[in-house]
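The lines below spell out each chain.
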Amino acid sequence: MNTLKIAALALLTSGLATGALAMPAGKLKGGQYMGQAKVTLAQARATALKARGGTITDQELEREKGGSGLRYSFDVKSAGRTYEVGVDAKTGAVLENAAEGKNPD
């Protein structure tokens with residue numbers, strides 16, 4: 001019984017049980033801005049998934065108006081739809097959490 005609990009805990013903490021980590025955390029468009037970010041990619045991913053549960057299918061670090069001007073942008077697949085969740089790369093605040101339109105970025 002203890003082995004089963006340990007295996008379940010390992011699966012949950014790895015993110016594999018939820019499918020939330022469909023995109024490897026290491027792949028990031030806009031990686032040249034990482035030195036300017038105060039929030040890590042892992043922290044931003046956790047914030048995005050807390051704001052919009054689902055599976056991250058795309059991620060980018062970009063300069064964009066709003067907040068500090070530097071944000072992580074995640075496409076999150078949830079309930080059959082794709083949402084864009086923006087997390088400020090300097091403060092960690094959620095800047096955007098909306099369904100993607102017909103012309104996604």
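To be clear, the structure that these remarks concern was listed above.
1. Things to note about the packing of aromatic side chains
In this description, an aromatic ring pair is defined by two values, namely the gap between the centres and the angle between the planes. All told, the structure shown has 1 aromatic pair when counted by the stated rule. On the basis of an interplanar angle of 15° and a centroid distance of 6.2 Å, the ring pair of tyrosine 72 and phenylalanine 74 is categorised as stacked. Summarising the burial analysis for this pair, tyrosine 72 and phenylalanine 74 share the class buried. Directly above the aromatic system of tyrosine 83 lies the positively charged group of arginine 52, at a separation of 3.8 Å from the ring centroid.

2. Comments concerning the environment of arginine 71
Structurally, arginine 71 is set in strand β2 (residues 70-78). Arginine 71 sits in the buried class, given a relative accessible area of 6%. C-alpha of arginine 71 to C-alpha of valine 85: the two residues are 14 residues apart in sequence and 9.8 Å apart in space. Discounting chain neighbours no more than four positions away, the residues touching arginine 71 are Glu60, Leu61, Glu62, Glu64, Lys65, Gly66, Gly86, Val87, Asp88, Ala89, Leu95 and Glu96.

3. With respect to the pairing of strand β1 (residues 55-63)
Across 8 bridges, β1 lies against β2 in antiparallel orientation. Along β2, the bridge assignment pairs isoleucine 56 with valine 76. Between β1 and the antiparallel strand that follows it, β2, lie 6 residues; glycine 66 among them carries a positive phi value of about 100°.

What counts and how
Residues numbered from 1 in each chain as written. Predicted model: local features only at pLDDT ≥ 70, side-chain atom pairs only at ≥ 80, totals over all residues. Heavy atoms only, no water. Phe/Tyr/Trp six-rings, centres within 6.5 Å; stacked < 30°, edge-to-face > 60°. Buried < 20%, exposed > 50% of the residue type's maximum accessible area, 1.4 Å probe, protein only. Lys NZ or Arg CZ within 6 Å of the ring centre and 35° of its normal. Helix = DSSP H or I, 4+ residues; strand = E, 2+ residues; numbered from the N terminus. Contact = heavy atoms within 4.5 Å. Pairing = 2+ DSSP bridges.

Coordinates in, geometry out; function isn't part of it.
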